[in-house]
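The primary structure of each chain is shown beneath.
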Amino acid sequence: MKLGLVLFVTLTLTLSSSYTAPSLPRFSTCSTCLHSTILPNPLVANVKMSATVELFSKVKAMEAEGKKVTSLCVGEPDFPPPRAVLEATVEAVESGATTYTAVTGTEELRSAIADDLFDRKNLSYKSTEILVSNGAKQSVYQGVFALCGPGDEVIIPAPYWPSYPEMVVLTGAKPVILPTTIEDNFLINPSALEKAITSKTKLMIFCNPSNPSGAVHSATLMSEIADVIRKHPNLAVLSDEIYERLVYNPSNPHVSFASLPDMHSRTLTVNGFSKAYAMTGLRLGYMAAPANLLKPCVTIQSQLTSCAGSISQAAGVAALTKVEEAEMEANVEIMREKRDFVLSKLAEMPDVKSFTPDGAFYVLPDVSAYYDGDDATLCLKLLEEKALALVPGSSFGAPGTIRISYATSMDELEIAMKKLGLFLSESRS
């Protein structure tokens, strides 16, 4: 425990001289004995368990009891990684590529990432401006930790991935939630963003396409958001683009935030291989950023995990250099068909509101007409009565909604939507 405190203080002081790390009480004396009672770090005590992980654990417990549960609560593609990725994994093992790499990742992978960002996203980065991590989640946290601390504020548009605010809390900074509405397709209102920014605002986390709503911000809207950001020279943007290859509307393609005028120098772009390439278990993500923003992230990673797995990195190279675009487009088309199926079934359910998401693999319908808007109770009853697992929208900062992940088989989707429709029908009777 003392080592954890030393590490926290050392990293905090190394990364920023603008604030002093808080004094964290770690022991309290028991009045009835001579021994000390060990207490957790107060920062950790304030962090909530991921609702998605918690629900997934409950589903697994029910399945262990022999119950058949239909689950649409985890964001994981149901298709396997591309053949080229699997072959590269085997080759890496057999050739002995099982040792440590540089903390930042292999030169081969970082160069492949830089080439891909330039070719597809119009982003120019050197390989030295790429940091490969154990999943995009690590990249996000390191970006937040590198830039933010006590006294800072971080703007997080809602609905949001539940880990965002908890990561901010772990740094001692304050998450500031920026609401959006289903009437606006859960897109950021630039005027509302301007009002949310204060002298303490250090970072905005921007997930585009969005988990959990699937919303994709247009180039025009993003330019308006950039106009707001531009007025605040000390405000950085962490752009989480993990779903950028899963976009379904040709007239609204994904645009990287760092490609907008004047945004490259203040943006940390995060991406990875889990969603588009179905490499969730290989835990491979990355950050691309100017050297001054990337360096503290490298420092943090060097003290936490060192490098990402060498075998996963070899698989990442294959994903970027050997997988044909036609294979990627075929997966997108399959996801589009699943999305459209879910939306068609939701349209048949009374008092359920939804919009057509242009990206990711989620739908976030408004079911506030049921259970007096108590989405947590609705999901609990749904699991108990119909053995259907969905995540309540309140976990994502969107009370009265439910998140449906359609990254599963069509057979499972048909069963799930039938269960949901029947449950809502019975709830009204």
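Whatever comes next refers back to the structure up there.
Residues numbered from 1 in each chain as written. Predicted model: local features only at pLDDT ≥ 70, side-chain atom pairs only at ≥ 80, totals over all residues. Heavy atoms only, no water.

*Asks:* Tell me about the overall build of the protein, and please be specific about residues and values.
*Replies:* When helices and strands are tallied, the protein shows 14 helices and 14 strands. Compactness check: the protein gives a C-alpha radius of gyration of 22 Å against a globular reference of 22 Å for 429 residues, within 12% of the reference. Here the C-alpha coordinates of the protein stretch approximately 65 × 60 × 50 Å along the principal axes. The buried share among the 429 residues of the protein stands at 54%. Residue pairs in contact within the protein that sit at least 24 positions apart in sequence constitute 74% of those at least 6 positions apart. (Helix = DSSP H or I, 4+ residues; strand = E, 2+ residues; numbered from the N terminus. Rg over C-alpha atoms; globule rule 2.2 N^0.38 Å. Buried < 20%, exposed > 50% of the residue type's maximum accessible area, 1.4 Å probe, protein only. Contact = heavy atoms within 4.5 Å.)

*Asks:* Tell me about the layout of surface pockets, residues and numbers included.
*Replies:* Reported here for the largest pocket is a volume of approximately 610 Å³. Together, 27 residues line the largest pocket, and Gly 75, Lys 137, Trp 161, Lys 275 and Arg 283 are the ones closest to its centre. Secondary-structure elements contributing two or more residues to the lining of the largest pocket are helix H3 (51–64), helix H6 (136–147) and helix H7 (163–171). Looking at the lining of the largest pocket, its residues break down into 13 nonpolar, eight polar and six charged. One number sums up the size of the second largest pocket: a volume of about 350 Å³. Taken together, 16 residues form the lining of the second largest pocket, with Glu 244, Arg 245, Val 247, Glu 325 and Val 332 sitting closest to its centre. Listed by contribution, the elements that provide at least two residues to the lining of the second largest pocket are helix H5 (107–121) and helix H12 (325–346). (1 Å grid on protein atoms, 1.4 Å probe; cavity = no way out; pocket = protein on both sides within 12 Å on 5 of 7 lines; lining within 4 Å. Points joined across faces, edges and corners; volume = space filled by probe spheres on them. Nonpolar A, V, L, I, M, F, W, Y, C, P; charged D, E, K, R; others polar.)

*Asks:* Got a sec to walk through the environment of Arg 283? Specific residues and values, please.
*Replies:* Mapped onto the elements, Arg 283 comes out in the loop between strand S9 (267–272) and strand S10 (285–288). Spatially, the C-alpha atom of Arg 283 lies 23 Å from that of Val 391, the residues being 108 residues apart in sequence. Setting aside its immediate chain neighbours within four residues, Arg 283 contacts Ser 133, Asn 134, Gly 135, Lys 137 and Ser 274.

*Asks:* Lay out empty space enclosed by the protein in plain terms, naming residues and giving numbers.
*Replies:* Any space left empty among the atoms is revealed by the rolling of a water-sized probe across them. Within the structure shown, the criterion is met by two cavities of 30 Å³ or more. When contributions to the lining of the largest cavity are tallied by element, the ones reaching two or more residues are strand S5 (153–157) and strand S7 (201–207). Among the elements that line the lining of the largest cavity, the one with the most residues is S7, at three residues. Each residue belonging to the lining of the largest cavity can be placed in one class, and the counts come to 11 nonpolar, five polar and no charged.

*Asks:* Tell me what's going on with the packing of helix H4 (residues 83–94) against helix H11 (residues 310–321), and back it up with residues and numbers.
*Replies:* At their nearest, the axes of H4 and H11 sit 8 Å apart, and the two run at 145° to each other. Here H4 runs over H11; the crossing is right-handed. Across the interface between the two elements, Ala 84, Val 85, Ala 88, Thr 89, Ala 92 and Val 93 of H4 pack against Ile 311, Ala 314, Ala 315, Ala 318 and Ala 319 of H11. Taken together, the residues of the contact of H4 with H11 sort by class into 10 nonpolar, one polar and no charged. (Axes fitted to C-alpha atoms, helices over the stretch in contact; angles between N-to-C directions. Left-handed = near helix turned anticlockwise from the far one by under 90°.)

*Asks:* Tell me what's going on with the packing of aromatic side chains, and back it up with residues and numbers.
*Replies:* One pass over the structure, following the stated rule, counts 10 aromatic pairs. Ring geometry for Tyr 243 against Phe 361: centres 5.4 Å apart, planes inclined by 85°, an arrangement best described as edge-to-face. In this pair, Tyr 243 is assigned in the loop between strand S8 (236–240) and S9 and Phe 361 in the loop between H12 and strand S11 (362–363), connecting sequence segments 118 residues apart. A residue is classified by how much of its surface remains accessible, and Phe 361, at 0% relative accessible area, is buried. A centroid spacing of 6.3 Å and a plane angle of 65° characterise the contact between Phe 273 and Tyr 286, whose relative ring orientation is edge-to-face. Here Phe 273, found in the loop between S9 and S10, pairs with Tyr 286, found in strand S10; they are 13 residues apart in sequence, far enough to count as distant. (Phe/Tyr/Trp six-rings, centres within 6.5 Å; stacked < 30°, edge-to-face > 60°.)

*Asks:* Summarise the sheet that holds S7; cite the residues concerned and give the values.
*Replies:* Within the open sheet, the seven strands sit side by side as S4-S10-S9-S8-S7-S5-S6. Their pairing is mixed. Of all strands in the sheet, those bounded by a partner on one side alone are strand S4 (130–133) and strand S6 (174–178). Across the sheet, the mean angle separating the axes of adjacent strands is 20° when strand polarity is ignored. Bridging between S7 and S8 involves five bridges; their strand directions are parallel. The residue bridging Phe 206 from the neighbouring strand is Ser 239, located in S8. Strand contacts of H6: S4, S7, S8, S9 and S10, with the helix running at about 160° to S9, the strand carrying the most contacts. (Pairing = 2+ DSSP bridges.)

*Asks:* Which residues make up H7, and what are the values?
*Replies:* Across the nine residues of H7, eight count as buried, placing the element largely inside the fold. Buried positions along H7 lie against helix H2 (42–45), H6, S5, S6, S7 and S8.

*Asks:* Could you give me a rundown of the side chain of Thr 408, with the residues and numbers involved?
*Replies:* Along the chain, Thr 408 turns up in the loop between strand S14 (402–405) and helix H14 (410–428). Judged by its relative accessible area of 12%, Thr 408 is buried. Apart from residues lying up to four places away in sequence, Thr 408 is in contact with Leu 72, Asp 78, Lys 338 and Leu 413.

*Asks:* Lay out the nonpolar core with the relevant residues and their values.
*Replies:* One finds Leu 203, Val 342, Leu 346, Phe 361, Leu 390 and Leu 420 to be the most contacted residues of the largest nonpolar core, which totals 66 residues. What Leu 420 contacts, discounting residues up to four positions off in sequence, is Leu 346, Met 349, Leu 382, Leu 388, Leu 390, Ile 402 and Ile 404. By size, the runner-up hydrophobic cluster in this structure holds 25 residues, among which are Ile 113, Val 132, Leu 320 and Met 328. (Core = buried A, V, L, I, M, F, W, Y, C linked by side-chain atoms within 4.5 Å.)

*Asks:* Mind laying out the pairing of S6, listing which residues take part and the relevant values?
*Replies:* Both S5 and S6 contribute to a ladder of five bridges, which runs parallel. Counterpart to Ile 156 in the pairing with S6 is Ile 177. Viewed along the sheet, the connection from S5 through H7 into S6 turns out right-handed. (Right-handed = clockwise from strand over helix to strand, strands pointing away.)

*Asks:* Tell me what's going on with the environment of Ser 199, and back it up with residues and numbers.
*Replies:* Relative to the assigned elements, Ser 199 resides in the loop between helix H8 (190–196) and S7. For the pair Ser 199 and Pro 175, spaced 24 residues apart in sequence, the C-alpha separation works out to 14 Å.

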